[in-house]
Structure formats: structure tokens, C-alpha cells
Amino acid sequence: MAVDNWMHVEFSNVTKVYSEPPQTVTALNNISFQIHEGEFVCIVGPSGCGKSTLLRMIAGLDRPSSGEIRFKGDLLTAPHPKISMVFQTFALLPWRTVLDNVAFGLEVQNVPKRERENTARELLGMVGLKDSEKLYPKQLSGGMKQRVGIARALAIDPEVVLMDEAFSAIDEFTAEALREEVAEIHAETQKTFLLVTHNLPEAIELADRILVLSARPARVKSIVPIELLRPRSPTASDFVSIHKDIFSLLQSELEASIMRHRLSGLKEFQGLRDMEDR
Ligand SMILES: Nc1ncnc2c1ncn2[C@@H]1O[C@H](COP(=O)(O)OP(=O)(O)OP(=O)(O)O)[C@@H](O)[C@H]1O
Ligand SMILES: [Mg+2]
């Protein structure tokens, strides 16, 4: 049931266990956090800790094993028409033109052709692809593909935009231009953005808050507010000092996870020796 003082997105004690014999993997361990409407939240954490799992669950592509995820107070159990996703590898439909890729979500929602094409054109203009609407994905550079991915995600006029490493498969120069565009879109539209990234400067450049996750199974290690004025310069001393702080949080996580790994190896080794001694 929606209530008046809802958070935009809310995780309460979310745990995710993948049980695919022969192995059981706990990806998320009792995660709770709240995101306000219009916030830009970046999620960082060691590789394989469960970041994509977390995002996929907000997209309704996966379900928690226990705990609850709510959008505006309502339980999220399936893809929601006001939540959309931008993928690392673009995930464009190769047989559709740029225009038809951007209009796809509206087509699914049965929006009339003329109306959905007008919306798609407007968004293509916004991401600098006005003259590319008739091209097919194979005719585009990586940066252009991701512009289409962003336009497609925005076409359904979402309230929440999820981005999983959206800038990591494109060259750094283009990635920086795209980050700036996304920052502008966020400032203009005040939509809620959640970006998973391995790139700490990228997170500090964009985020209102950074959610730092522990090594798998992911727990919330820290939530760091970034109060620097925008646009943010990575060479400014306060930027550098935030980078240093979060980097050391991540580094200690990595060391702890290597240690856990070694200890479990040691236990297995001890187990084998015990068996041998018997
Ligand atoms: N569909 C699945 N079935 C089984 N295990 C899965 C599935 N999806 C993810 N996992 C496991 O859950 C853990 C977390 O995976 P996830 O992709 O969420 O991590 P990540 O933080 O996004 O990693 P990376 O930083 O490398 O992108 C991994 O151990 C992974 O093997
Ligand atoms: Mg991932």
C-alpha cells in the first residue's frame, strides 16, 4: 500500500541467494537503504559482490530470496513501467533502426506510432543523434550505441533510471561527454538515477550519495554523501580526499575478502589433513 511519506526506492533486509547446484551463492546479505526521489546514487563495491544483482532486482528482473524492495511504498515484484535500465553492452535490437529502438518501450505500451516516433525523435535530439534515426545498430560507434541506450531508457518517461556500468564499454573521451550529458539530464529532469560503476572518479563526479558495498555477500559498508558543488573537478583537493577515503574503504574490503578466501582454503586444507590422519 502506498503511503504519503514514501521513499522513492527502499530496500529492507534484502538477501539474495542463488541456489544452482552444485553451488549456492549468497550475493546480497541483509541489505537496507533508502533512496529519495530525484537523487543520483552511485553503487560501488568489489567485483562480483552483487551490484548487478541489486540493480536487476529493482528492474524487476530478479526477486529477493528474503526481504522487500519497494517503489514509492509499493512492493516491487515485476518490471515496473516507470523504471528503466541502461545496459553496459547496450542491448540494442539489431534488426531495428535507431528510431525504432528508442521507440520500443512505447510500442510495448501501445503508444500510437506517430506519438512514439515524435517522442523518440525528441530524445534522439537530446542525446545528439538527430541525424542517425534511420541507421541500424551495426552502423554505430560504441558511444552512439550508448546514446541510443540512454534515449531508449528515457523514452518511457521513467521515474527511476538504472545504469549498470553504462560508461565502461566506451572510450574514455566519449564516456566523459556522456557522463556530462547524463548529469545535465538529471539536473533538468530530476529523475532518480542509480548507477553501478567500477570507476570511483565517475561516481564522485555524478553522485549525490555513494553506496559502498562490501565484498560478497554484499552488505552496505558505507553510504557517503557527496556535497561538492557541480561541475566537479577530479583534481580539486576535496574531490581527491573523498576519492582517497572511499578507495581505502574498498581496499580494506578487498583485503578482508582475500583473507576470508585464504582462511576458508586453510580450513579445507586442515579438513583434508584430518581425513588423511585418520
Ligand atoms: N543468475 C545467476 N545464477 C547464479 N549465480 C549468479 C547469478 N547472477 C549472479 N550470480 C552470482 O552472484 C554473485 C554476484 O554477481 P553480480 O553479477 O551481481 O556481481 P557484480 O558486483 O555485478 O560483479 P561485477 O563487478 O563483476 O559486475 C556472483 O558470485 C555471481 O556468480
Ligand atoms: Mg556487474
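Residues numbered from 1 in each chain as written. Chains lettered and ligands numbered in written order. Predicted model: local features only at pLDDT ≥ 70, side-chain atom pairs only at ≥ 80, totals over all residues.

A. Structural detail: the sheet that holds strand β7 (residues 160–164). With respect to topology, six strands assemble into an open sheet ordered β6-β7-β8-β3-β9-β10, the strand pairing being mixed. Here the strands that pair on one side only, and so sit at the sheet edges, are β6 (83–86) and β10 (220–225). For this sheet, the mean angle separating the axes of adjacent strands, direction not counted, is 20°. As paired elements, strand β9 (residues 209–213) and β10 share five bridges and run antiparallel to each other. Counted as the bridge partner of Arg209 is Pro225 from β10. Helix α1 (residues 51–58) rests against β3 (40–44), β6, β7, β8 (192–196) and β9 of the sheet, and its axis sits at about 150° to β8. (Pairing = 2+ DSSP bridges. Helix = DSSP H or I, 4+ residues; strand = E, 2+ residues; numbered from the N terminus. Axes fitted to C-alpha atoms, helices over the stretch in contact; angles between N-to-C directions. Contact = placed C-beta atoms within 7 Å.)

B. Main features of the domain arrangement of the protein. According to the domain assignment, the protein contains domain 1 (1–82 + 160–236) and domain 2 (90–157). Domain 1 and domain 2 are separated by 24 Å when their C-alpha centres are compared. Listed by partner, the interface residues are nine residues for domain 1 and eight residues for domain 2. Among the elements that line the side of domain 1 that touches domain 2, the one with the most residues is helix α5 (residues 172–189), at four residues. In terms of residue class, the side of domain 1 that touches domain 2 is built from seven nonpolar, one polar and one charged. (Domains from an automatic or database assignment. Nonpolar A, V, L, I, M, F, W, Y, C, P; charged D, E, K, R; others polar.)

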